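Listed below are the residues making up each chain.
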Amino acid sequence: MYDTIIVGGGPAGLSAAVYAKRAGLNALLIEGTPIYGGQVLSTYEVDNYLGLPGISGMELGEKFSEHADKAGIEKKATMVRSLSEIDGGWKVSTDKGDFETKTVIIATGATHAHLGVPGEEELAGMGVSYCATCDGAFFKNADVCVIGGSDVAVEDAIYLARTCSHVYLIHRRDTLRAANSLVEDLNKYPNVSFEWDSEVKSMNGKDGLESVTVVNKKTGESKELPVAGAFVAVGIRPGTDLIKDLVKLDDKGYAVAGEDCRTDKKGLYVAGDIRKKPIRQIITAVADGANAVTSVQEDIR
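Please read all numbers here as calculations on a predicted model, not as lab measurements.

Of all hydrophobic cores here, the largest spans 30 residues; its most connected members are Leu29, Val46, Tyr49, Leu60, Phe64, Ile105 and Ile282. Those elements that place two or more of their residues in this core are α1 (11–22), β2 (27–31), α2 (57–71) and α6 (282–300). Apart from residues lying up to four places away in sequence, Ile282 is in contact with Pro11, Val40, Val46, Tyr49, Leu60 and Phe64.

So, about unusual backbone geometry. The backbone of Asp197 shows a phi angle near 50°, a positive value even though the residue is not glycine. Locating Asp197 in the fold gives a position in the loop between β11 (192–195) and β12 (198–204). The exposure class assigned to Asp197 is buried, which follows from its relative accessible area of 12%. The residue Cys261 is not glycine, and still its phi comes out positive at about 70°. Residue placement: Cys261 occurs in the loop between β16 (236–238) and β17 (268–270). You can call Cys261 buried: its relative accessible area is 0%.

Parameters at a glance
- Chains are numbered independently. Their residues run from 1 in the order of the written sequence.
- In keeping with the model being predicted, local features are shown solely for residues with a pLDDT of at least 70 and side-chain atom pairs are shown and tallied solely at 80 or more, while totals for entire chains, interfaces and linings include all residues.
- The basis for every side-chain value is the complete set of heavy atoms in the structure, and neither hydrogens nor water enter the calculation.
- The criterion is simple. A nonpolar core is a set of buried Ala, Val, Leu, Ile, Met, Phe, Trp, Tyr and Cys residues joined through side-chain atoms within 4.5 Å.
- Think of it in three bands: residues with accessible area under 20% of the maximum for their type are buried, residues over 50% are exposed, and the middle band is partly exposed, with areas taken using a 1.4 Å probe on protein chains only.
- Helix numbering and strand numbering both begin at the N terminus, where a helix is a DSSP run of H or I of at least 4 residues and a strand a DSSP run of E of at least 2.
- The contact criterion used throughout is that any non-hydrogen atoms of two residues lie within 4.5 Å.

What follows is the structure in structure tokens.
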């Protein structure tokens, strides 16, 4: 029986792996693909990770994975299908068999909802972004657009309006769903304009984003907006399917756990973007991995 099994090979999971091995725990790291690093791998450049400004997401993810390997973590690339409680711990059922453990750290992250339009995937990290606070600094004095009408979309537009030349807010309806206070703040910026009743039909460019094609749903009019950055803010889906019937979730589907990463289920911990918290960044995911292992150590003792 393992002391802990870590499910998820992104920054939170890899951090937990390093701390688990340093603590002398018998640990296993399970990732659904043979590639470790998580969403950071698809980020063109990371400029806010302490001590490594300007590093590419691919390189940072590789460094995380190499560190875990150097620590001696046991890895398995397989899909976890279910978790079930057993005497003294948990059974983790995967495509490569069942594994027993005293504790489980779930670090399966969250995924940004995509538009599914031509050019989006090809230009991801090359102008197309899903995190304004992560990537907005790269578009200082440039024209950009935000797609969405929620609190997050409006917050992104406000954040970008402070440094970008112009911000187009594209929304499929004629009113925003965001809180009135946020909308009032947004209206204070003269460099923000609205594309109401509109949807993005394609994202265009070769070596980087050059424009987005927008169609008005009511008039049928199509036009291109010349932008260097497109920030998609149409929702986030936490990866809680595995534990949705086991632990308490908030109204958005995130697992409820404090900074110690303990859930309301004994022996089950969550780390990284899957956890309910104010900010989801690489650095907070890494911190969660360390905190989760600290809690595991205390609880095993």
